[in-house]
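Working through the structure, step by step
In case you want the letters, here they are:
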Amino acid sequence: MSPKRPHDAPSLFAAAGLEHEAPHPLPDRLRPRTLSEVVGQDHILGPDGALTRMLETRTLGSLVFWGPPGTGKTTVARLLADATDLHFEQISAVFSGVADLKKAFDAARARREMGQGTLLFVDEVHRFNRAQQDSFLPVMEDGTVVMVGATTENPSFELNAALLSRARVLVFHSLDAAAIEKLFAHAEEIEGRKLPLDAEARAVLARMADGDGRASLTLAEEVWRAARKGEIFNAAQLQDILQRRAPIYDKSADGHYNLISALHKSVRGSDPDAALYYLARMLDAGEDPLFLARRVVRMAVEDIGLADPQALVIANAAKDAFDFLGHPEGELAIAQAVVYLATAPKSNAVYTAFGAAMQTAKRAGSLLPPKHILNAPTGLMKSEGYGASYEYDHDAPDAFSGQDYFPEALGRQTFYDPPERGFEREIRKRLDYWAKLRKERGGS
């Protein structure tokens, strides 16, 4: 066993003179030093941007930065602290607990007593539970800290309403091709050499970054490492060297919800081509096909309904077909159902009617149905009028008695209002006919 090195003794790397030469990744070396160097967020950092206006007043309120990875949230928070002469303190909800928060708050109070403010940057703030989020409220209210939280998740769903009411949400956008190209140009300037790519491969590299600035620079660094002297990669060679970077798609996060929302709305909007595109995006990203099949069933009942009663049959059949065939053949059945639903007549009449009926049921309470439609298995119930004057519809003309079935205290209600589309056109005719008979036969 080797003897322990004294605390003040230099490390092996320092003794060899190598410690100061430790490599720094390209994204770290190109981290912006001023807010003007941040690319892709002109809507908040441009001349009329929200943060620009805020900084002109030299005051800063608590903020929540919402956006995808690699869009500059941490960098902007650090630069904001510099611009407002605040001490920058960073914690991560992944690694921090109540004790860490208390320590950070106490340190901020001590600084405040010395006349120094604190910008507390909370990375992954959505990972704190509700009680931990509530602990920020007092120190935000009394000015102990300016809290800047960063999240990749929708704050409306993940953060306490009380926290959101005390902070302004600023949305960071994925970097577009022009912003990625600025990063590449800056990297080439720093490195003193061009990326060994032809024009098409350069565009492909930008697409591989998928809007993530940090990823774009990491990919550029990999290209430089891979290239031999004088070698220029085309698009096919680039993809072979780097492999294809997996799409940003977290099944429990916004990428998941954004795409399933896009698929659902494309079906609702009767656009089969867009619907197929989003279905393919999700399958390509590794989404569970049975989750998609279940969502297709929901689309059938929510957006097509009785305008085409076959929609639910076909959606269920697609789910069963995938269950039977598996991957990849079964995915075609889901695609077929998506196209059928997208091209079917649309109606949310049943969806709307059910929602209205639920509201009425909750509001009206436990009302007794009219006695004439209640069974009377005992003599007491018969004496109370249960079942009296009930008319058996099959014995009535047109198999329709026209009786009222709503509780007397509630009165007749209308929930279902089918449109003049698809099969519901026929249902509308039947309802109108029965309404006419009900009026003629004395029903309400």
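As a starting point, this report considers the structure included with it. (Residues numbered from 1 in each chain as written. Predicted model: local features only at pLDDT ≥ 70, side-chain atom pairs only at ≥ 80, totals over all residues. Heavy atoms only, no water.)

Overview of the pattern of salt bridges
Where charged atoms of side chains with opposite charge meet at close range, the side chains can pair. Test applied: In what follows, salt bridge is the name for a side-chain nitrogen of Lys or Arg lying within 4 Å of a carboxyl oxygen of Asp or Glu. Only runs of H or I of at least four residues qualify as helices and only runs of E of at least two qualify as strands under DSSP, and these elements are numbered from the N terminus. Note on exposure labels: buried denotes an accessible area under 20% of the residue type's maximum, exposed denotes more than 50%, and partly exposed covers the range between, all computed with a 1.4 Å probe on protein chains only.
One pass over the structure, following the stated rule, counts 25 salt bridges. Between R29 and E191 there is a salt bridge whose closest N-O contact spans 2.8 Å. With R29 in helix α2 (residues 26-29) and E191 in helix α11 (residues 177-191), this pair connects stretches of sequence that are 162 residues apart. A relative accessible area of 34% means that R29 is categorised as partly exposed. The partly exposed category is assigned to E191, whose relative accessible area is 23%. Of the charged contacts, one joins E302 and R268 as a salt bridge, the two residues approaching to 3.1 Å between their closest N and O atoms. In this pair, E302 is assigned in helix α17 (residues 289-304) and R268 in helix α15 (residues 254-268), connecting sequence segments 34 residues apart. Judged by its relative accessible area of 8%, E302 is buried. Through salt bridges with shared partners, one network takes in R29, E191, R193, E221 and R225.

Things to note about helix α16 (residues 272-284)
So the rule is basically this: To estimate how far a helix should extend, the number of its residues minus one is multiplied by 1.5 Å. By the criterion applied in these results, polar contacts are pairs of N or O atoms within 3.5 Å in which, for protein atoms, one can donate a hydrogen and the other can accept it, and in which residues neighboring in sequence qualify only through two side-chain atoms.
With 13 residues, α16 extends 18 Å from end C-alpha to end C-alpha; this agrees with the ideal 18 Å at 1.5 Å per step. Within α16 the residues assigned to the buried category are A274, A275, L279, M282 and L283. Of the residues flanking the start of α16, the one acting as N-cap is D271, its side-chain oxygen 3.3 Å from the backbone nitrogen of D273. Looking one or two residues past α16, G286 carries a phi angle of roughly 95°, positive in sign.

These figures capture arrangement, not role.
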